[in-house]
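One letter stands for each residue in the lines below.
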Amino acid sequence: MVPENLRELLPEFASDRTFLSALVVCSGASLVAVRWLKQRNIRKKTEEAKKRSELGLREMERAVQRFKKENPKLDSRTILSMSMVDLADGLQNGSISPESVLYTYMGKALAVHREVNCITDFIQECELQLQELKNQKEKGPLFGIPFSVKNSIPCKGYDSASGLLQFHDVMDEEDCVLIQVLKKQGGIPFVKTNIPQALFSYDCSNPVNGQTFNPLNHKKAPGGSSGGEGAIIAAGGSIIGLGSDMGGSIRFPASFCGLCALNPTVPRLSVSGMSIPVAGQYVVPIAIAPMANDVDSLALFMRSLLCDDMFLLDPTVPPLPFKEEIYSSSEPLRIGYFDNMSYFPAVPSMRRAVHEAKKLLEEAGHTLVAFSPPALEGGGATEMFCKLVFADGGSAFADKFKGNILEPLHQGLVSTLRSPVFMKKMLAFFMKPWSPRISRLLSTLSSSRSVKTLWAAQTEQQEYKEAFIAEWQKLKLDVVLCPMLGPAFNIGYPGLLFAPICYTVLFNILNFPAGVVPIGKVTEEDERQMKNYGSGYDDEWDKLMKKAIESGVGLPLSVQCVALPWQEELCLRFMKEVETLAAAKKRF
């Protein structure tokens, strides 16, 4: 770059080689200086965001110490050992004080954070809300229940930056609708939890808040993008929390951390005010959804949310109250099941989990029917997901990282999205012989993008949904049992393995309610069988999958429980059945 005021002097000095050489050197030095200043500004903003988070945590620590000093006989252990349903009962009848519950969980959350790095913000207004609740005459169903909130879910006075610097000093002016409803029902949001940068990963790390670790094994990822939620709940620092899911983002943490989660039909629960990874992308909808230690906690949360307050605050939500008779039914179910997806074969432990659940359900009197999801060409659900979410070739998503330190887990994806189309096509061509799955994914990302191609992808999505429902109804199914990706991956590997999200994104594309329930644990035999694992492609992804889940003996395994749209109560009832049967087997 030549400064504007020097351009008019160039003709006069055009023959002066010394001057021109100096000018080139100065221009180069200017570019280097500009880049250095930009990087320094990014580092400065990153440090400022970190300090703001640390200040909040110090305030949280002071509040806990103050309460403990005033209440030296606080029985924290008993409170932390109670289920959410029992805790809610105790708060309703007055045998437990809301102060003791809030400060107990605040103290435990701090201890968990020091272990696994899962909190981004302390919601200081929780103390004021506690005092307001005490003065209310009527108690909502969640009276005094503290809950954690994923960083990207708007809470008034806090950012929902998702690890992106451009949003770290942008504070939300209002609570999103679900937070407002939960507060009206007596719930107390008290911390916001960590996420991967820009949400688009099932690992959990960003340059501001760092890496969150799985509390069951610190060498493992907690899942993502609601990874902070998974970690804090699994380690006992929160009894229930709100995450979000557009491709498996609550189901991955639930699977990796041994929790229960429900991803509902959108918009059974309001998503008003929610931040999404790519603004304007609604073809694959994002849900706000709960995670907890057990299914009854999820049911209590859903009962509380499906109320007049939500229907009034967000008229786009269908006014469908919780159907208690469906959740509490004991009628035998007709259950479809599948244990594998050919695009990315399930590992032995995933398939075993499905068959263990199938056996338990059959023994309990339910009917199990083999169900084959209609075939998808090429890259299956993962490819269709990319066609819809990256309908612009991924440029809008890649632009989010401008002016940011790029987290390593995103480097491969963002570099690919930023690459010129011809380069993606060349890579796809050269990789086809030895890695056809990666080649197809690159081809999907490099195909021409227009309104016409987007409409074609949406048509494909709708036709597939109709075919899926037709097959479901042909077999007269109530629900479907299928694999859930797991066990927990070693840290770093979720960023290298995009393809296996096919097990979760399938139900986001269909917009079916899908829940996750733990069913067992990884055995040494599961690990031995991984030596023979392969997809038939014998490519890099096969090798990476083996490395991703190695050393996982003892980690939780889960299954997915799926229902048709708007049948969340039936999905929860099915999840409860699996949970109850698995618990009974464990006792004996």
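Each value, and the rule that gives it
- Residues numbered from 1 in each chain as written.
- Predicted model: local features only at pLDDT ≥ 70, side-chain atom pairs only at ≥ 80, totals over all residues.
- Heavy atoms only, no water.
- Phe/Tyr/Trp six-rings, centres within 6.5 Å; stacked < 30°, edge-to-face > 60°.
- Helix = DSSP H or I, 4+ residues; strand = E, 2+ residues; numbered from the N terminus.
- Buried < 20%, exposed > 50% of the residue type's maximum accessible area, 1.4 Å probe, protein only.
- Salt bridge = Lys/Arg side-chain N within 4 Å of Asp/Glu carboxyl O.
- pLDDT = per-residue confidence, 0-100.
- Contact = heavy atoms within 4.5 Å.

**Q** Help me out: how do you make sense of the packing of aromatic side chains in this one?
**A** For the structure on display, the rule yields 23 aromatic pairs. Considering the side-chain rings of F147 and F301, the 6.1 Å spacing of their centres and the 75° angle between planes classify their relative orientation as edge-to-face. Taken as a pair, F147 in strand β2 (residues 146-150) and F301 in helix α11 (residues 295-305) lie far apart in primary sequence, 154 residues in all. Accessibility assignment for this pair places F147 and F301 in one class, buried. Look at F468 and F512: their rings are 5.6 Å apart centre to centre, the planes differ by 80°, and that puts the pair in the edge-to-face class. Residue F468 is found in helix α20 (residues 451-474), and its partner F512 is found in the loop between α21 (502-510) and β12 (514-521); the two are separated by 44 residues along the sequence. As far as the burial class goes, F468 and F512 line up, both buried. By way of ring pairs, the aromatic residues F338, F371, Y464, F468, W472, F507 and F512 are connected into one cluster.

**Q** Even after reading the chapter, I still don't get the pattern of salt bridges, so can you show me in this structure?
**A** Opposite charge on two side chains makes pairing possible when the charged atoms of those side chains draw close. The tally for this structure, following the rule as stated, stands at 25 salt bridges. Salt-bridge contacts for R303 lead to E324; the nearest nitrogen and oxygen are separated by 2.5 Å. Linking R303 in helix α11 with E324 in helix α13 (residues 324-327), this pair joins segments that are 21 residues apart in sequence. For R303, a relative accessible area of 32% translates into the label partly exposed. Judged by its relative accessible area of 31%, E324 is partly exposed. The shortest N-O distance in the salt bridge between R437 and D542 comes to 3.0 Å. Placement of R437 in helix α19 (residues 436-446) and of D542 in helix α23 (residues 540-549) is noted, with a sequence separation of 105 residues between them. D542 sits in the buried class, given a relative accessible area of 4%. Each member of the salt-bridge network shares a partner with another, and the members are R352, E356, D526 and K585.

**Q** Please explain the confidence of the model for the protein chain as it appears in this structure.
**A** Parts of the prediction with low pLDDT should not have their coordinates interpreted in detail. Looking at the protein chain, the pLDDT average stands at 91 and 93% of residues meet or exceed 70. Across residues 1-14, confidence stays below pLDDT 50; counting only partners more than four residues off in sequence or on other chains, it has 13 contacts.

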